[in-house]
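Topology and contacts: notes
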Amino acid sequence: MALQTNNPTTTQSWSKLQEHYQQMKNSSIQEMFAADNTRVDKLNIQWNDFLVDYSKNIITPETMTLLVDLANEMGLKAAINDYFEGALINKTEGRAVLHTALRAKDSAVVNVNGENVIPEIYEVRNKIKNFTNEIENGARKGYTGKVFTDVVNIGIGGSDLGPAMAVEALQYYKNNLSVHFVSNVDGDHVNEIIKKLNPETTLFVIVSKTFTTQETLTNSETIKKWFLESASQDDIAKHFVAVSTNIEKVSAFGIDPENVFPMWDWVGGRFSLWSAVGLTISLAVGYDNFDQLLAGANEMDEHFKSAEFDDNIPVILALLSIWYNNFFGAESEALIPYTQYLQKLAPYLQQGTMESNGKYVGRDGEKVNYQTGTIIWGEPGTNSQHAFFQLIHQGTKLIPCDFIGYVKPLYGDKEHHDKLMSNFFAQTEALMQGKSQQQVQAEFDKQGLEKSEAASLLPFKVFEGNKPTNTLLIDKLTPKSLGSLIALYEHKIFVQGIIWNIFSFDQWGVELGKQLANKVLAEINENKVATHDASTSFLLNYYLKNK
Ligand code: F6P
């Protein structure tokens with residue numbers, strides 16, 4: 001089934017939301033709490049070991065009803081069905097979108113072009129498992145008979161960000177292999193990694209769905225050249241494996257077909273860590289933990305498929321985001337995990353969100369007349385409190401935030417964790433409550449501050465408050481809860497794409513720069529600048545003269 005196509009602004013619920021926004025835009029969250037002592041009970045969801053409190057938003061239950069109506073009018077239910085059933089919803093590339101199948105149970109049946117893909121998914125999962133075990137237990141050795149000590153993941157975009165984020169997040173569960181990531185075509189990046197490596201004990205995982213990506217191929221060639229300085233061509237089979245759909249190009253690179261982990265065109269790069277793209281994750285934390293990561297994602301898939309929209313975590317978070325983006329005019333959202341382990345979550349979700357929903361053409365091929373794709377950014381708390389929180393508290397922009405925290409720390413250090421979490425709770429409270437003139441004045445009075453000095457200082461110390469936040473409080477950072485968390489945000493992206501009437505699973509917008517870079521590279525190689533705009537020619541000539 002093709003996805004429904006209509007402009008969301010022409011729906012009845014959109015008009016009602018616009019009217020409702022006029023009533024809500026100056027509402028105070030604090031006052032809404034004061035007026036209704038059951039507010040938090042109505043506006044939270046408890047699911048598995050997740051507690052999602054969305055009561056600190058500029059919403060009433062009526063807002064949520066209208067937003068759910070919008071989701072219904074935009075055909076979300078049918079779209080979810082198409083998504084999980086393998087319909088060709090990535091229309092501009094003629095593909096299904098089935099990262100959810102990668103984490104489905106082995107008893108599931110998911111057909112693509114009439115064929116159940118679950119058996120081949122499990123075949124690849126088995127291959128990942130066996131390979132991981134053989135590296136971990138030393139059955140597979142390097143070309144001089146030594147066990148592997150290091151793994152290098154060579155990939156970019158979805159072939160890097162997901163594994164890098166998950167390996168960082170699951171550091172606590174890591175075995176003793178050292179894992180490195182090479183992504184940028186910047187030669188300094190690869191050389192910094194190379195200098196840490198011993199070719200005899202390093203395994204290289206080249207990850208590229210297409211196996212045509214300039215950055216990944218260049219880095220792989222550089223590493224292969226360095227490797228061959230001490231090893232022979234035959235040794236490549238022992239040290240290089242690849243994850244790709246392009247078996248022909250992988251073989252041309254010299255990788256043994258036995259060492260290829262296949263993936264499928266119905267897995268988008270930015271949603272691919274559940275496939276063999278996650279091989280590095282499995283190598284870093286062991287297959288059982290990788291399996292748990294997938295199991296956690298599968299549980300979130302089931303929740304997303306079956307829960308009513310008003311009790312559905314990804315749907316609620318997506319609708320709130322639309323509320324602020326399309327009615328309040330918020331342009332960005334911050335993700336603030338209160339764990340250092342999730343320091344790469346924001347960059348990871350930047351690709352997921354912005355590559356998916358950064359589109360100005362609707363599913364009808366027309367330019368949209370409303371805002372799409374939010375800008376995602378963030379850093380772990382408490383570091384971010386000492387960096388950009390000033391702007392969230394007292395800046396001129398509305399920045400809705402997701403606070404993600406854990407009830408239990410991994411090393412059991414209660415003193416640190418209580419301090420960390422007291423900041424977590426205090427920040428969402430402060431963002432909502434702010435600090436009134438009366439409160440500031442009372443503080444001045446207590447300090448005995450002179451009247452005129454107090455009057456001149458007062459405006460700077462007042463916080464308006466009323467800044468919306470969602471709080472995601474999860475029991476513990478485990479491979480399973482991480483899987484659920486990532487899947488939650490994947491589905492949020494999906495819901496928003498459906499409501500914005502755009503195609504979330506292509507990424508034509510990154511192609512133009514790639515094409516032009518190839519053209520410029522040819523000119524640099526020939527030391528001759530062809531026709532460009534005046535600025536680009538000026539810069540290129542300067543570069544050629546001074547390099
Ligand atoms: O930047 C565009 C993109 O196609 C991403 O979607 C993808 O994750 C990345 O490039 C890497 O692509 P590949 O895995 O084919 O090397």
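Predicted, not measured: the structure shown is a model, and the values here were computed from it.

**Looking at the UniProt feature "active site" (unreviewed entry) in the protein chain**
On the UniProt side, "active site" (unreviewed entry) is annotated at positions that read E355, H386 and K514 here. Judged by maximum C-alpha separation, these annotated positions cover 160 residues in sequence and are scattered in space, the widest gap reaching 36.9 Å. Turning to its location among the elements, H386 is positioned in the loop between β11 (375-377) and α16 (389-394). For H386, a count of 10 C-beta atoms within 10 Å puts it in the exposed group. As for its placement among the helices and strands, K514 is situated in helix α21 (residues 511-526).

**Remarks on the packing of helix α13 (residues 287-306) against helix α20 (residues 479-499)**
Where α13 contacts α20, the axes come no closer than 6 Å and their chain directions differ by 45°. The orientation of α13 with respect to α20, classified from their angle, is oblique. Two packed elements cross with a definite hand, and for α13 against α20 that hand is right-handed. Mapping the contact onto sequence places N289, Q292, L293, L294, A295, G296, A297, E299, M300, D301 and F304 in α13 and P479, K480, S481, L482, G483, S484, I486, A487, L488 and H491 in α20. Along the lines of polarity and charge, the residues of the contact of α13 with α20 split into eleven nonpolar, seven polar and three charged.

**Overview of the packing of helix α15 (residues 345-357) against α20**
Across the interface, α15 lies against α20 with an axial gap of 10 Å and an inter-helix angle of 15°. It follows from the interaxial angle that α15 and α20 lie roughly parallel. The interaxial crossing formed by α15 with α20 has right-handed handedness. Along the contact surface, α15 presents L349, G352, T353, S356 and N357, while α20 presents Y489, E490, I493, Q496 and G497. Partitioned by chemical class, the residues of the contact of α15 with α20 number three nonpolar, six polar and one charged.

**What to know about the sheet that holds β11**
Sheet architecture is open: six strands sit in the order β1-β2-β13-β12-β10-β11, paired in mixed fashion. This sheet does not close on itself; its edge strands, each paired only once, are β1 (44-47) and β11. Each neighbouring strand pair of the sheet contributes to a mean axis angle of 15°, computed without reference to strand direction. Bridge count between strand β12 (residues 401-406) and strand β13 (residues 469-474): six bridges; the pairing is parallel. Paired with G405 across the bridge in β13 is L473. Each of β10 (332-337) and β11 touches α15; the most contacted strand, β11, lies at about 170° to it.

**A few points about the pairing of β12**
Of all six residues making up β12, six are buried, and the element is well covered by its neighbours. With burial as the criterion, each face of β12 is covered, one bearing C401, F403 and G405 and the other bearing D402, I404 and Y406.

**Regarding helix α18 (residues 437-447)**
Among the eleven residues in α18, zero count as buried, and that is only a small part of the element. Of the residues one or two after α18, G448 is the one with positive phi, at around 70°.

**As for α21**
With 16 residues, α21 should reach 22 Å at 1.5 Å per residue; the first-to-last C-alpha distance of 23 Å fits that figure. Along α21, only zero of the 16 residues are buried, which leaves the element largely exposed. Phi turns positive one or two residues past the end of α21, at N527, with a value near 55°.

**Section: the pairing of β10**
With respect to burial, β10 is a largely interior element, five of its six residues being buried. Here three bridges tie β10 to β11, and the two strands are oriented parallel to one another. In the strand pairing of β11, E333 is matched with I376. Assessed by its sense of winding, the connection that carries the chain from β10 through α15 to β11 is right-handed. Alignment of β10 against β12, held across four bridges, turns out to be parallel.

**Considering the sheet that holds strand β7 (residues 202-207)**
Read from one edge to the other, the open sheet built from five strands follows the order β6-β5-β7-β8-β9, with strand pairing classed as parallel. The open sheet has two free edges, formed respectively by β6 (178-182) and β9 (260-262), since each of these has just one partner strand. Across the sheet, the mean angle from the axis of one strand to that of its neighbour is 20°, orientation sign disregarded. Looking at chain direction, β7 and strand β8 (residues 240-244) are connected through four bridges and run parallel. Across the sheet, V207 pairs through a bridge with V243, a residue of β8.

**Some points on the nonpolar core**
Core analysis: the largest hydrophobic core is formed by 134 residues, its most contacted members being L67, A71, A166, V205, V243 and L319. In contact with A71, not counting residues within four places along its chain, are L76, F309, V315, L319, V495 and I499.

**Some details on the environment of L473**
Within the fold, L473 resides in strand β13. Along the primary structure L473 and D53 are separated by 420 residues, whereas in three dimensions their C-alpha atoms are 8.1 Å apart. Other than its neighbours up to four places away in sequence, L473 contacts L51, G405 and V407.

Analysis parameters
Residues numbered from 1 in each chain as written. Predicted model: local features only at pLDDT ≥ 70, side-chain atom pairs only at ≥ 80, totals over all residues. UniProt positions renumbered as here; feature names shortened; annotations may be inferred. Helix = DSSP H or I, 4+ residues; strand = E, 2+ residues; numbered from the N terminus. Buried ≥ 20, exposed ≤ 12 C-beta atoms within 10 Å, placed from the backbone. Axes fitted to C-alpha atoms, helices over the stretch in contact; angles between N-to-C directions. Parallel < 35°, antiparallel > 145°, perpendicular 65-115°, else oblique. Left-handed = near helix turned anticlockwise from the far one by under 90°. Contact = placed C-beta atoms within 7 Å. Nonpolar A, V, L, I, M, F, W, Y, C, P; charged D, E, K, R; others polar. Pairing = 2+ DSSP bridges. Expected span 1.5 Å × (residues − 1). Right-handed = clockwise from strand over helix to strand, strands pointing away. Core = buried A, V, L, I, M, F, W, Y, C linked by C-beta atoms within 7 Å.

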